Amino acid sequence: MPVVCLPGLSRTAENFDVLASAIAADAATPRRVMALDYRGRGLSDHDRNPKNYAIPMELSDVIAVLVALGAAPAIIVGTSRGGLLAMALAPQRPGAVAGAVLNDIGPVIASQGLMRIKGYVGKLPEPRTFEEGADILRRVAGSQFPNLGAADWLAAAKRGWREQNGRLIPTYDPALAHNLTAISPDQPVPTMWRQFEALARVPVLVIHGTNSDILSSETVEAMKTRHPDMDVLVVPDQGHAPLLAEPHVIGRIKQFAEKCDAVHAEAAADGMNCSTG
């Protein structure tokens, strides 16, 4: 089955380059891999109405893409915002999700991490060079990723800004910040337990960064209670969200995709037996 990669709030399809290339070029089981730039991110146009940078509209976009490309059922790899969309997709289009990788996200989002994200989305200073951009990102997220080197931060800066008319501009519409204004420690975002429970019939792999301030260990344990067969991969020395670029992480995701194939094939066979019986 194909793999569909959904990035984080202000991220782009480029964040999946290493993972997507490894999955698509796998010698034993090459797969079709698609990574989306949501509206207002990456190569997609900005929306004139910032209110459309919201889960319901983005979910509608994802569904439209899956239908247009004939990509359902698919294994969804969702980082942060992408994981929220994967959970939201499950009750809306149950047959579209054959498995879900939730990269450092769950039904409960920790307010500390939300406030950190609110503090920088659409608010970072404009760097004069990519090297300066790398320094900005290191100051913002260095505590989440203490082991990244200068080359890693420079690569992140080149994903986070692009050159346009002699300036470096973000690879996302700064108006994304509009939908974060109402968030505060006293007004956390609603939980998504109902949507997560809609994933009960398919395999789920949760990837959890040990330094994460978005996904707590308590939430992971609560998710396991509701989905006992859920797999969990803990990534040390990374925060929100794990990079999905290390060989052992990519290997686990490949194994998970094979598990999804097997579960889907078994369910299809059972359905055929019922219909012919």
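Provided above is the structure to which this section pertains.
Residues numbered from 1 in each chain as written. Predicted model: local features only at pLDDT ≥ 70, side-chain atom pairs only at ≥ 80, totals over all residues. Heavy atoms only, no water.

**A few points about the overall build of the chain**
For step 1, the next point in the chain: Secondary structure assignment for the chain yields 9 helices and 8 strands.
For step 2, the next point in the chain: In terms of overall size, the chain behaves like a compact globule, its C-alpha atoms giving a radius of gyration of 19 Å where 277 residues would be expected to give roughly 19 Å.
For step 3, the next point in the chain: Projected onto its principal axes, the C-alpha positions of the chain cover 70 × 45 × 40 Å.
For step 4, the next point in the chain: Put simply, the chain has 277 residues, and 47% of those count as buried.
For step 5, the next point in the chain: Within the chain, contacts between residues at least 6 apart in sequence are counted, and of these 76% link residues at least 24 apart. (Helix = DSSP H or I, 4+ residues; strand = E, 2+ residues; numbered from the N terminus. Rg over C-alpha atoms; globule rule 2.2 N^0.38 Å. Buried < 20%, exposed > 50% of the residue type's maximum accessible area, 1.4 Å probe, protein only. Contact = heavy atoms within 4.5 Å.)

**Here we look at the packing of aromatic side chains**
For step 1, the next point in the chain: Counted according to the given criterion, the structure contains 1 aromatic pair.
For step 2, the next point in the chain: An angle of 80 degrees between the planes, with centres 6.1 Å apart, marks the rings of tryptophan 193 and phenylalanine 196 as edge-to-face. Linking tryptophan 193 with phenylalanine 196, this pair stays in helix α7 (residues 193-197), spanning 3 residues, or about one helical turn. Each member of the pair, tryptophan 193 together with phenylalanine 196, is buried. (Phe/Tyr/Trp six-rings, centres within 6.5 Å; stacked < 30°, edge-to-face > 60°.)

**Quick notes on the packing of helix α5 (residues 130-141) against helix α6 (residues 150-160)**
For step 1, the next point in the chain: The N-to-C vectors of α5 and α6 enclose an angle of 105 degrees; their axes lie 8 Å apart at closest approach. Looking at the two axes, α5 sits roughly perpendicular to α6. Where α5 abuts α6, its residues Phe130, Glu131, Gly133, Ala134, Leu137, Arg138 and Ala141 lie against Ala150, Trp153, Leu154, Ala156, Ala157 and Lys158.
For step 2, the next point in the chain: In the contact of α5 with α6, the residues fall into 9 nonpolar, 1 polar and 3 charged. (Axes fitted to C-alpha atoms, helices over the stretch in contact; angles between N-to-C directions. Parallel < 35°, antiparallel > 145°, perpendicular 65-115°, else oblique. Nonpolar A, V, L, I, M, F, W, Y, C, P; charged D, E, K, R; others polar.)

**What to know about helix α2 (residues 55-68)**
For step 1, the next point in the chain: Between its first and last C-alpha atoms α2 spans 20 Å; for 14 residues at 1.5 Å apiece the expected length is 20 Å, and the two agree.
For step 2, the next point in the chain: When we look at burial in α2, the residues that qualify are Glu58, Leu59, Val62, Ile63 and Leu66. Buried residues of α2, viewed axially, fall in a sector of 145 degrees; they line one side. Residues of α2 that are exposed and angled more than 90 degrees away from the buried face: Val67 and Ala68.
For step 3, the next point in the chain: Buried residues along α2 sit against β1 (3-6) and α3 (81-92).
For step 4, the next point in the chain: Backbone geometry just after α2 places glycine 70 at a positive phi near 60 degrees. (Expected span 1.5 Å × (residues − 1). Arc of directions from axis to C-beta.)

**Structural notes on the sheet that holds strand β3 (residues 74-79)**
For step 1, the next point in the chain: Ordered in space as β2-β1-β3-β4-β7-β8, the 6 strands form an open sheet in which the pairing is parallel. Unpaired on one side and paired on the other, β2 (33-35) and β8 (231-235) mark the two borders of the sheet. Across the sheet, the mean angle from the axis of one strand to that of its neighbour is 15 degrees, orientation sign disregarded.
For step 2, the next point in the chain: Across 3 bridges, the pairing between β1 and β2 is parallel. Bridge pairing in β2 places valine 4 opposite methionine 34.
For step 3, the next point in the chain: The sheet strands contacting α3 are β1, β3 and β4 (97-103), and the helix crosses β3 at an angle near 140 degrees. (Pairing = 2+ DSSP bridges.)

**Some remarks on the side chain of glutamine 144**
For step 1, the next point in the chain: Here glutamine 144 shows up in the loop between α5 and α6.
For step 2, the next point in the chain: Among residues more than four places away in sequence, those in contact with glutamine 144 are Arg116, Asn211, Ser212, Asp213, Asp237, Gln238, Gly239 and His240.

**A few points about the pairing of β4**
For step 1, the next point in the chain: Taken across its 7 residues, β4 has 7 buried, putting it largely inside the fold.
For step 2, the next point in the chain: Taken together, the 6 bridges between β3 and β4 define a ladder with parallel strand orientation. Note on β4: the bridge partner recorded for alanine 74 is valine 97.
For step 3, the next point in the chain: Chirality of the crossover, the property in question, places the unit of β3, α3 and β4 among those that are right-handed. (Right-handed = clockwise from strand over helix to strand, strands pointing away.)

**Quick notes on the side chain of threonine 171**
For step 1, the next point in the chain: Assignment of secondary structure puts threonine 171 in the loop between β6 (167-170) and α7.
For step 2, the next point in the chain: Residues in contact with threonine 171, not counting those within four places in the same chain, are Thr12, Gly40, Arg41, Gly42, Arg159, Gly160, Trp161 and Arg162.

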